[in-house]
Amino acid sequence: MQNFWKNALQWLDERLGLNELYQNLLDRPEPLGNWWNTLGSASLFLFLLQVATGIFLTVYYNPSPDHAYDSIQYIMNEVAFGWLIRGIHHWGASLMVLVVIIHMLRTFVTASYKYPRELTWLVGVGLLLLTLGMGFTGYLLPWHQMAYWATTVGTQIAGSVPFIGEFILRALRGGPDLSALTLQRFFAAHIWILPALMFALIGLHLYLIIKHGESHFPDKED
Amino acid sequence: MNEDVKQQIHEKYERELQRGERFWPDSIFKDAIMALALFIVLILLATFVGVHDSPKADPSDTSYIPRPEWYFLFLFKFLALYGQIPVLGKIEWIATALIPGIAIGILTLLPFIDKSPRRYYAKRALPLGIMGILVWGMVWLTLLADYPTVAPDGSSTPGILQAIAGIVIPLLAYIAFTVMAYTLKERAPHGILLTALGAGALMAGFSLLSMILYPLPAKETAEHPTSLVDRITAGQDLYSIHCLECHGEDGAVKVIEGVAGLEGTVISPISSRDVLYTLNDASLGEIIAYGRPDLGMPPFGKAYNPEGLTRAEIDYIIAFMRHTWDDRYEMPKIQPLFPPLAPNEVPSYEVHITPIVKRYCLSCHRPGKDSNDYFMDTYENILNSGDNGDMNVIAGDENSFLLQVIQGKPILNPDGSEAIGVMPPSGTLKPDVIEVFRRWVLMGMPRTAEEAATLTWPTP
């Protein structure tokens, strides 16, 4: 029996390159780290948690002004554990913004953005902005008073940019005012456009980290 | 950066790796513990704090004060303070587009701006000082977000204090940092550290000063129903106040009787299948909001009637109608507002009066509302507060003002004008509610259930 498993593993390894993966991804040397080094993987964990809970929420959520609010009431009151899934998604968003910002500050304080990790930082700033974009677009989706008026003001601020402000405002709102089209656009951005960009940038971020290794904590020599 | 420096960096990193750890299992282990801790925190937050909800979006209710997510609050506050700066404050795009744009630009291009290979913190006083003050300023702007920028007496002192803390001191500190970095040379880190600590303390000081001198305005806590049962009950209350007069308690009225101006109007019984099966929730909502002026139905929506119903309130009424009359919906179990009275039972404040007052009176009769200072938020206030303190409720007296006005008898001044109108101002309380008030006052306003249990209501 032991032989069978050994053979099966070998068969898979020949075709998938499991050993190579293990050596390149997991069995790597690293500088001594501490708890501040866990914030990047914590951000990734929270992102994946948001993806998972978000997928569950789309099963019941309806992005139209007539039904968005009621569909969330339904999730909160009728769906089994709907309140838990939405609660995790709601608080997970806040926590993710917090963790991503602290991760950025940690990188700044240890000057990990310097040679050879400049591009990792650049991609990271992109991820920070996308995370805030996820927060902004997600805030409108419950279609309650707070969401509606905060988004009205938020898009107004975007509309105050000189020359192209009017265009940005109309592109965000899908017209001069907040409407069904705005909700549809924010929904599309929240569940397709921004997550797709985030997946791509996270992939790049991780590749760069593995390529250059985690940076060490600087001492007087650095 | 020349090749030598690059070589040095790589060699140093190799040495760090030699005395380092393994990604698996050392780092992964810590990562896993961190992820687990965050997951537990999230479950606790979702379970014990929940999601703060607000009523359904209502484009007609422009009085709503918007508030962004907490991580945008600092920007919100910055814009509010910037807008108060004379002259410059009128050029909105400087604060909304230019400054954030520059900040994001610097953050993005940081590795290409800060090109020195030095990583040790003592050799990086300037960038650390700038970032430190920026983050500290964002923290204080976030904390200050809900504090007013204009004092109740109209002076703009709080705004000025906050602007000093959140904008002026950071700017001055930045100028000082830059000057020091270029003039003090090797003593610069020391100077920047001291300046940063001083500026940080001043920022906190001015913020706290503004918070203490001009505290948060009292918060209006508007409760709104979230569960289906709560929404149906809220809808029932609204129906009793706004709709019952014409449509009747059971919604079956076909010809309106006893309503001035609409006497004899023929209407569709709104509890009938004809109405409930052929109109969906959206159409019902529009009919309530716009009315059907040609058929006698006035508009009830806030957009057409300043005293009218919000979008959310209309939805509660529809939820009530569906679950009460539409046979395709199942009525959830609803607790009565208060336990019905037995023939000889005397009601008490804590069991009967509290929920009734909360539902029917407290929306106006509470501190902060214009109600001639008659507040009904506590037992003592119901008895004694307001302009007619000693007349509100008199034990055993049918002439108590409270009992008169809820039974349709306004209190008149000596000259015949109305001093206190009938209550509630629109619609009337249900007979069983009035009966609770009568028995409670006539039997001497018992406070607890035990006190009430010692009393007996005399049946004729």
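What counts as what
Residues numbered from 1 in each chain as written. Chains lettered and ligands numbered in written order. Predicted model: local features only at pLDDT ≥ 70, side-chain atom pairs only at ≥ 80, totals over all residues. Heavy atoms only, no water. Helix = DSSP H or I, 4+ residues; strand = E, 2+ residues; numbered from the N terminus. Rg over C-alpha atoms; globule rule 2.2 N^0.38 Å. Buried < 20%, exposed > 50% of the residue type's maximum accessible area, 1.4 Å probe, protein only. Contact = heavy atoms within 4.5 Å. Areas by Shrake-Rupley, 256 points an atom, 1.4 Å probe, with all protein chains shown as cover. Domains from an automatic or database assignment. Salt bridge = Lys/Arg side-chain N within 4 Å of Asp/Glu carboxyl O. Buried area = accessible area lost by both parts, 1.4 Å probe. Polar contact = N/O pair within 3.5 Å; in protein donor to acceptor, adjacent residues only side chain to side chain. Phe/Tyr/Trp six-rings, centres within 6.5 Å; stacked < 30°, edge-to-face > 60°. Lys NZ or Arg CZ within 6 Å of the ring centre and 35° of its normal.

**Focus on the overall build of chain A**
Next up, step 1: Helices and strands together make up the secondary structure of chain A, namely nine helices and one strand.
Next up, step 2: Overall, chain A shows an N-to-C arrangement of helices and strands of α-α-β-α-α-α-α-α-α-α.
Next up, step 3: Computed over C-alpha atoms, the radius of gyration of chain A comes to 22 Å, more than 25% over the 17 Å expected from 2.2 N^0.38 for 222 residues, which places it beyond the range of a compact globule.
Next up, step 4: The principal-axis extent of the C-alpha atoms belonging to chain A is close to 60 × 55 × 30 Å.
Next up, step 5: A burial count over chain A gives 47% of its 222 residues as buried.
Next up, step 6: Summarising the internal contacts of chain A: among those between residues at least 6 apart in sequence, 68% fall at separations of at least 24.
Next up, step 7: Here chain A has roughly 11,200 Å² of accessible surface; of this, 70% comes from carbon and sulfur atoms.

**Looking at the domain arrangement of chain B**
By a widespread convention, an interface's size corresponds to the accessible area lost as its parts come together.
Next up, step 1: As assigned here, chain B comprises domain 1 (20-49), domain 2 (116-218), domain 3 (228-325) and domain 4 (349-453).
Next up, step 2: Computed over C-alpha atoms only, the centres of domain 1 of chain B and domain 4 of chain B are separated by 56 Å.

**Focus: the pattern of salt bridges**
If the charged atoms of two oppositely charged side chains come close together, the side chains can form a pair.
Next up, step 1: On inspection of all chains with the given rule, the structure shows 24 salt bridges over all chains.
Next up, step 2: Residues B:Arg19 and B:Glu16 are paired through a salt bridge, measuring 3.3 Å at the closest nitrogen-oxygen approach.
Next up, step 3: Here B:Arg273 makes a salt bridge to B:Asp327, at a shortest N to O gap of 2.8 Å. Of this pair, B:Arg273 sits in helix α11 (residues 273-278) while B:Asp327 sits in the loop between α13 (311-325) and α14 (349-360); the two residues are 54 residues apart in sequence, bridging distant segments of the chain.
Next up, step 4: B:Arg273 gets classed as exposed once you look at its relative accessible area, which sits at 53%.
Next up, step 5: A single salt-bridge network, built from bridges that share partners, covers A:Asp219, A:Glu221, A:Asp222, B:Lys12, B:Arg15, B:Glu16 and B:Arg19.

**Considering the interface of chain A and chain B**
Next up, step 1: Across the boundary between the two partners, chain A contributes 84 residues, which contact 79 residues of chain B.
Next up, step 2: Note on chain A versus chain B: buried area summed over both sides is about 7,800 Å², and carbon and sulfur give 66% of it.
Next up, step 3: The largest per-residue losses of area from chain A upon contact with chain B belong to A:Trp91, A:Tyr115 and A:Gln145, which jointly make up 10% of the total buried on that side.
Next up, step 4: At the junction of chain A and chain B, the tally comes to seven salt bridges.
Next up, step 5: Where B:Arg22 meets A:Asp27, a salt bridge forms, and the shortest distance between an N and an O atom there is 3.1 Å.
Next up, step 6: Inspection of the region where chain A meets chain B yields 38 residue pairs in polar contact (both at pLDDT 80 or more).

**A closer look at the packing of aromatic side chains**
How two aromatic rings sit relative to each other is given by the distance of their centres and the angle of their planes.
Next up, step 1: A full pass over the atoms with the stated rule returns 25 aromatic pairs over all chains.
Next up, step 2: Pairing A:Phe4 with A:Trp5 gives two aromatic rings, centres 5.3 Å apart and planes at 70°, and the pair type is edge-to-face.
Next up, step 3: Residue class for A:Trp5 comes out exposed when judged on its relative accessible area of 54%.
Next up, step 4: For the ring pair A:Phe108 and A:Tyr113, a centre distance of 5.9 Å and an interplane angle of 25° mean the geometry is stacked. Of the two residues, A:Phe108 and A:Tyr113, both sit in the buried class.
Next up, step 5: Positioned above the aromatic ring of B:Phe23 is the side chain of A:Arg28, whose terminal nitrogen or guanidinium carbon lies 4.4 Å from the ring centre.

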